[in-house]
Amino acid sequence: MRVSCYLLAGSLFLLGGCQSLDLSGKNDARDTEEDILLQEPTAKVEIQPEEIHFPVAATDVWQRLRDGMALPVPDIKRVNDYRNWYRKHPKHLEQVSARAEPYLHFIVEELDKRGLPLELALLPIVESAFDPMAYSHGAASGLWQFTTPMARYFGLKMNWWYDGRRDVPAATLAALDMMEYLYRKTGNNWLYAIAAYNTGEGRVLSAVQRNKKKGLETDFWSLDLPTETERYVPQLLALADVVRHSDDYGISLAPITNEAAIKVVDVGSQIDLALVAEAADMSLGELQALNPGFNRWATPPKGPHKLVLPVDRADAVAEALTAIPANERISWLRYEIKPGDSLSTIADRFHTTAAVIKSLNQLESNQIRAGKHLMVPASARAETQTLPQLASRPKGKVKLEYKVSDGDSLWLIAKKHSTSVNQLIKWNRLDAKGTIRPGQTLVLWQQSNTAADRLRKVNYKVRSGDSLARIAKKFKVKVADLINWNGLGKDKYLKPGQMLKLYVDVIEVSS
């Protein structure tokens, strides 16, 4: 049975950094629970046998969502503002619906198994716009925007090799575990639980207690919560209403077949992802797009070794991989230690860690001697040590076109597309100064149009005590880049509340 959808109750942990829309204006006139509760029927209606109609199974996941939605959507300003925004920006949902295609059926299936509101399948739109590589100023990552503490609490692994927050199936299960926890802790009230996912159960329950002491209503709409949270719940409800009535609103959601699109396969031991891609007859970029949780060229030595594959290839790939012995799943190099070498410098050279080399060679200390040999891991394809690459790419098979916008520079465009200014100048036959103008179309060449881009723009609000060096260290960027990105003066002084933009390497900042 699906859980009852009267929404009223609380939340535990702070999941910083959701991508929710920020519409100006705060509705001070609190709406009461009385406005939103479903009305019970006053009389039973007898249905004659010949009048019974059995529902037709939905063939489209979006229709399945519409059929299963049950949370009441109040006709109030806070909800209507977001409903109007989505209606005025139909392209946003059209783009997001296409991005959701590989994962939405999996999410809806899991919600159905647990009897949870299907509206929760739309939370990744609010949190990350269905971008598994999303990263926030609050260091939240992935489709469900988990912070590191909450990810670990709900069982997600994170290390140099892997970040479970970006592993869509794993993160989805953790997010639904968290939702069930919050629902129980907040007295079986879905509005409280959804609010708690954003701000923490402590804040929600404290707000309820404050209202009780003052003799005020304690429904969600009457609570005094952080502004972001007061917007978060209405945004989800408005989004659910827009999806439910998308045809009426003229919004085209890309059809998603109501069948599994992906399957999780456990390959049992560490394996080079290049071997998996070959077995699946996929490009490495296509494989990485389905498995954005892996930071490096192989699954972690100690797992997880679960791979997301297209459902129509998964069984054949799993069978093919069983024929590859464990000792042949990873390539190794015999490296002669040179004068001046250290474990860390060797690790950097081979895109691994000192701990991995130390463990592999059963070293008891960090001491190494020139002339001796070490075994180091190496990908079957040297260029795949980190997925995807950030280094400048040679001219590839895929031609991209980029329209120059106001404020663009060759440096920014090159950074966004993981290439160099010189390459842009060469590909577009620009003058030596690299002069460009708004509206101009530039050509870029990349090896694959499916490899996920590691760079994400982050808007960071300066806090008291912040410095450029401290911010740069937190996000693993250079001070010089911070100055460049934000056009800061020579004095480099920052003020609390000042907004900075950063271009963050999602994999490096989280590993």
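Here the structure is a predicted model, which means the values were calculated and not measured. Per-chain numbering applies: the sequence of each chain, read as written, is numbered from 1 onward. In keeping with the predicted nature of the model, local features appear solely for residues at pLDDT of at least 70, side-chain atom pairs appear and are counted solely at 80 or more, and the whole-chain, interface and lining totals rest on all residues. Here the side-chain values reflect all heavy atoms present in the structure, with hydrogen atoms and water set aside.

### As for the nonpolar core
Leu104, Leu122, Trp144, Phe146 and Tyr197 are the most contacted members of the largest nonpolar core, which has 101 residues in total. Numbering goes from the N terminus for both helices and strands, where a helix is a DSSP run of H or I of at least four residues and a strand is a run of E of at least two. At 10 residues, helix α7 (residues 168–185) tops the list of elements feeding residues into this core. Side-chain atoms within 4.5 Å link the members of a nonpolar core, which is a set of buried Ala, Val, Leu, Ile, Met, Phe, Trp, Tyr and Cys residues. Here's how the labels work: a residue is buried when its accessible area is under 20% of the maximum for its type, exposed when over 50%, partly exposed in between, all with a 1.4 Å probe on protein chains only.

### Some details on a nonpolar patch on the surface
Exposure above 30% relative accessible area and the lack of any salt bridge qualify a residue for a patch; like charges then connect within 9 Å, and the nonpolar side chains Val, Leu, Ile, Met, Phe, Trp and Tyr within 5 Å. Every accessible area reported is derived by Shrake-Rupley at a probe size of 1.4 Å, with residue values counting cover from the shown protein chains alone. Within this document, salt bridges are pairs made up of a side-chain nitrogen of Lys or Arg and a carboxyl oxygen of Asp or Glu, the two lying within 4 Å of each other. There is a patch of nonpolar side chains on the surface, built from Trp332, Leu360 and Met375 and spanning about 240 Å² of accessible area. On the secondary structure map, Trp332 appears in strand β3 (residues 331–336).

### Some words on the environment of Phe146
On the secondary structure map, Phe146 appears in the loop between α5 (123–128) and α6 (148–153). In this structure Phe146 comes out as buried when scored by relative accessible area, which is 0%. For the pair Phe146 and Ala175, spaced 29 residues apart in the sequence, the C-alpha separation amounts to 8.2 Å.

### Brief notes about the pattern of salt bridges
Enumeration over the complete set of coordinates arrives at 13 salt bridges. Here Arg83 ties to Asp241 by a salt bridge, and the two come within 2.7 Å at their closest N and O atoms. Of the two residues, Arg83 is situated in helix α2 (residues 77–88) and Asp241 in helix α10 (residues 227–244); the sequence distance between them amounts to 158 residues. Across the pair Lys91 and Glu94 runs a salt bridge whose closest N-O atoms are separated by 3.8 Å. Placement of the pair is Lys91 and Glu94 together in helix α3 (residues 90–99), with a separation of 3 residues, close to one helical turn. The exposure class of Lys91 is exposed, given its relative accessible area of 57%. Taking the relative accessible area as the measure of exposure, Glu94 reaches 22% and is therefore partly exposed. In this structure, a network of salt bridges that share partners links the residues Arg64, Glu109 and Asp112.

### Overview of the side chain of Thr172
As for its position among the elements, Thr172 is in helix α7. Once you skip the residues sitting within four places of it in the chain, Thr172 turns out to touch Phe106, Ile107 and Trp144. Contacts are assigned to residue pairs that have any heavy atoms within 4.5 Å of one another.

### A look at helix α14 (residues 311–322)
Helix length check: α14, at 12 residues, gives a terminal C-alpha distance of 18 Å against a target of 16 Å (1.5 Å per residue), a fit within 8%. All of the buried residues in α14 are Ala314, Val317 and Leu321. Down the axis of α14, the sector holding all buried residues measures 80°, keeping them to one side. Structural note: α14 exposes Asp312, Asp315, Ala316, Glu319 and Thr322 on the side pointing more than 90 degrees away from its buried face. Buried residues in α14 make contact with β1 (262–266), α12 (273–279) and β2 (306–310). An expected span of 1.5 Å times one less than the residue number is assigned to each helix. Regarding the arc, it is the one traced by the directions from the helix axis to the C-beta atoms.

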